[in-house]
Amino acid sequence: MRRVHIPKGDGKTRPLGIPTVKDRIVQQAVRLVIEPIFEVTFCDGSYGFRSGRGCHDALREVDRLLKDRLAKYRRMGSFQTKGLTRPGDTG
């Protein structure tokens, strides 16, 4: 790991570690070994930090689920409101 110091707004510096080529090779080798082990334990609905999945995939799934739910309610027809009251209604 190569350590460099970058300037901060107050005149001080902050250390920053930059991985070397050797570091990246080791990280990739470890990932190749442990990723298949843990991938099988993740839920299908898990999108964070997974190969081939990202935030756009998660948003597409949310959009699909919302559209499915809306279509379900539309198929049901009008909503049954008999017996429902609004807050503040007395009778």
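Residues numbered from 1 in each chain as written. Predicted model: local features only at pLDDT ≥ 70, side-chain atom pairs only at ≥ 80, totals over all residues. Heavy atoms only, no water.

(A) Region of the structure containing the overall build of the chain. When its secondary structure is counted, the chain shows two helices and two strands. In sequence order, the secondary structure elements of the chain are arranged as β-β-α-α. Counting the 91 residues in the chain, one finds 2% classified as buried. Long-range contacts, defined as pairs at least 24 residues apart, comprise 0% of the intrachain contacts of the chain with a sequence gap of at least 6. (Helix = DSSP H or I, 4+ residues; strand = E, 2+ residues; numbered from the N terminus. Buried < 20%, exposed > 50% of the residue type's maximum accessible area, 1.4 Å probe, protein only. Contact = heavy atoms within 4.5 Å.)

(B) Structural view of the pairing of strand E1 (residues 2–7). Among the six residues in E1, zero count as buried, and that is only a small part of the element. Bridging between E1 and strand E2 (residues 13–18) involves six bridges; their strand directions are antiparallel. When the sheet's bridge partners are listed, proline 7 is paired in E2 with threonine 13. Between E1 and the antiparallel strand that follows it, E2, lie five residues; glycine 11 among them carries a positive phi value of about 95°. (Pairing = 2+ DSSP bridges.)

(C) Molecular detail of a nonpolar patch on the surface. Residues Val26, Val30, Val33, Ile34, Ile37, Phe38 and Phe42 make up a contiguous nonpolar surface patch of roughly 640 Å² in combined accessible area. Here valine 33 shows up in helix H1 (residues 21–39). Residue valine 33 is classed as exposed on the basis of its relative accessible area, which comes to 55%. (Patch = residues over 30% accessible without salt bridge, like charges linked within 9 Å, V, L, I, M, F, W, Y side chains within 5 Å. Areas by Shrake-Rupley, 256 points an atom, 1.4 Å probe, with all protein chains shown as cover. Salt bridge = Lys/Arg side-chain N within 4 Å of Asp/Glu carboxyl O.)

(D) Representation of H1 within the structure. With 19 residues, H1 should reach 27 Å at 1.5 Å per residue; the first-to-last C-alpha distance of 26 Å fits that figure. Along H1, the largest kink reaches about 30° and is centred on valine 33; proline proline 36 follows within four residues of it. (Expected span 1.5 Å × (residues − 1). Bend = angle between axes of the 7 residues up to and from the residue.)

(E) Here's a closer look at the pattern of salt bridges. A complete count under the given rule lists six salt bridges for this structure. The closest approach of N and O atoms between arginine 50 and glutamate 39, which form a salt bridge, is 2.4 Å. Linking arginine 50 in the loop between H1 and helix H2 (55–76) with glutamate 39 in helix H1, this pair joins segments that are eleven residues apart in sequence.

(F) The arrangement of the side chain of arginine 50 in detail. Assessed through its relative accessible area of 9%, arginine 50 is described here as buried. Setting aside residues up to four positions removed in sequence, arginine 50 forms contacts with Glu39, Phe42, Cys43 and Asp44.

(G) Expanded view of unusual backbone geometry. Residue phenylalanine 49 is not a glycine yet carries a positive backbone phi of 55°. Note on placement: phenylalanine 49 falls in the loop between H1 and H2.

(H) Inspection of the confidence of the model for the chain at higher detail. Residues at a pLDDT of 70 or more form 84% of the chain, whose mean pLDDT is 85. Taking the mean pLDDT of every element in the chain, the minimum, 88, falls on H2 and the maximum, 94, on H1. (pLDDT = per-residue confidence, 0-100.)

(I) Summary view of the environment of proline 7. Within the secondary structure layout, proline 7 lies in strand E1. Setting aside residues no more than four positions away along its own chain, proline 7 makes contact with Lys12 and Thr13.

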